[in-house]
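# Tertiary structure, described
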Amino acid sequence: MRISPLPLLSTICLVSLVFSSNATQDDWKPLFDGKDLTGWVIMNDAAFTVTNGIIHLDKSTGWLRTERAYTNFVFEVEWRGLETNYNSGIFVRAGLEGKPHPTGAWQVNLKQSALGQILRGKTEVLPATTPPFPANEWVRFRIMAQGRRLTLDVNGKRAWEFDKLDADHGYIGIQAEGRPLDFRSLRVKEITDSPSQ
């Protein structure tokens, strides 16, 4: 009895498509090669340098932004404050106007006394819910921006979900706010499917 190869070929093609789709969904791109600031732009005289595979922020003001803008994405970074009362922030979909920081930008706060707080410019939009971490302790933030939705995970645990993000497109950035911090393991994954409701 002869078996047609068509069903087998169809199954192989379907499996290939599934694996191909998963590979695309898991397509993380590093934003830091551990050697230099390739892919980043220093704004307004901020003092960012690379030492021993770490982006070091010295005492200065301004910000560091990605070379290209993003719409829907997941961004991961590990950071640590280097002294008590550390202060910085992660800008999400920020524009280029403004000095020393982008005007009216959405920010996830890295201030020790207000970790994870959402700011729009200097205005608090969502209060901090994450307890402060001591200086010199590495912390992992995972920030997702998808449509109007913004989420924050801290060390693998969901801190909050927010659904009033009104900036559609812009740069990912790190704020310099006069305090020294370190950053490492920066990566991004773009989201191409429509936001879930």
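Here the structure is a predicted model, which is why all the values come from computation and not from measurement.

How each quantity is defined
- Residues numbered from 1 in each chain as written.
- Predicted model: local features only at pLDDT ≥ 70, side-chain atom pairs only at ≥ 80, totals over all residues.
- Heavy atoms only, no water.
- Core = buried A, V, L, I, M, F, W, Y, C linked by side-chain atoms within 4.5 Å.
- Buried < 20%, exposed > 50% of the residue type's maximum accessible area, 1.4 Å probe, protein only.
- Contact = heavy atoms within 4.5 Å.
- Pairing = 2+ DSSP bridges.
- Helix = DSSP H or I, 4+ residues; strand = E, 2+ residues; numbered from the N terminus.
- Axes fitted to C-alpha atoms, helices over the stretch in contact; angles between N-to-C directions.
- pLDDT = per-residue confidence, 0-100.
- Polar contact = N/O pair within 3.5 Å; in protein donor to acceptor, adjacent residues only side chain to side chain.

## A short note on the nonpolar core
Formed by 41 residues in total, the largest nonpolar core has its most connected members in Phe48, Trp79, Phe141, Leu150, Phe183 and Leu186. Non-local contacts of Leu150, meaning those with residues more than four positions away in its chain, are made with Val92, Ile118, Ile143, Met144, Ala145, Trp160, Glu161, Phe162 and Leu165. If you look at the next biggest cluster of nonpolar residues, it comprises seven residues, including Trp63, Ala69, Phe91 and Ala94.

## Some points on the sheet that holds strand β9 (residues 118-120)
Spatial ordering of the open sheet is given by β2-β5-β14-β7-β8-β9-β10, a layout of seven strands whose pairing is antiparallel. Each having just a single partner strand, β2 (40-43) and β10 (123-126) make up the two edges of the open sheet. Within the sheet, the average angular offset between the axes of one strand and its neighbour, ignoring direction, is 30 degrees. Bridge count between β2 and strand β5 (residues 61-66): four bridges; the pairing is antiparallel.

## Some remarks on unusual backbone geometry
The peptide bond linking Lys99 to Pro100 adopts the cis configuration, its omega dihedral lying at 5 degrees. Considering the arrangement of structural elements, one finds Pro100 in the loop between β7 (89-94) and β8 (106-109). The phi dihedral of Asp45 is positive, around 65 degrees, even though this residue is not glycine. Here Asp45 shows up in the loop between β2 and β3 (48-51). Residues other than glycine seldom take positive phi values, yet Asn52 does so here, at roughly 50 degrees. The residue Asn52 is located in the loop between β3 and β4 (54-57) in this model.

## Details of the confidence of the model for the protein
Mean pLDDT over the protein works out to 90, with 85% of the residues at or above the 70 mark. Note on residues 7-25: pLDDT is under 50 here. Beyond four places in sequence and across chains, it has one contact.

## Describing the pairing of β10
Pairing analysis gives three bridges linking β9 to β10, with the strands arranged antiparallel. From the neighbouring strand, Ile118 faces β10, where its bridge partner is Leu126. Between β9 and β10, which pair antiparallel and follow one another directly, the connecting turn spans two residues, one of which, Gly121, has a positive phi of 65 degrees.

## Some points on the side chain of His101
One can find His101 in the loop between β7 and β8. Classification of His101 as buried rests on a relative accessible area of 16%. Polar side-chain contacts of His101 include one of 2.9 Å to the backbone oxygen of Ala176. Beyond its immediate stretch of four places on either side in the chain, His101 contacts Asn44, Gly62, Trp63, Phe91, Gln175, Ala176 and Glu177.

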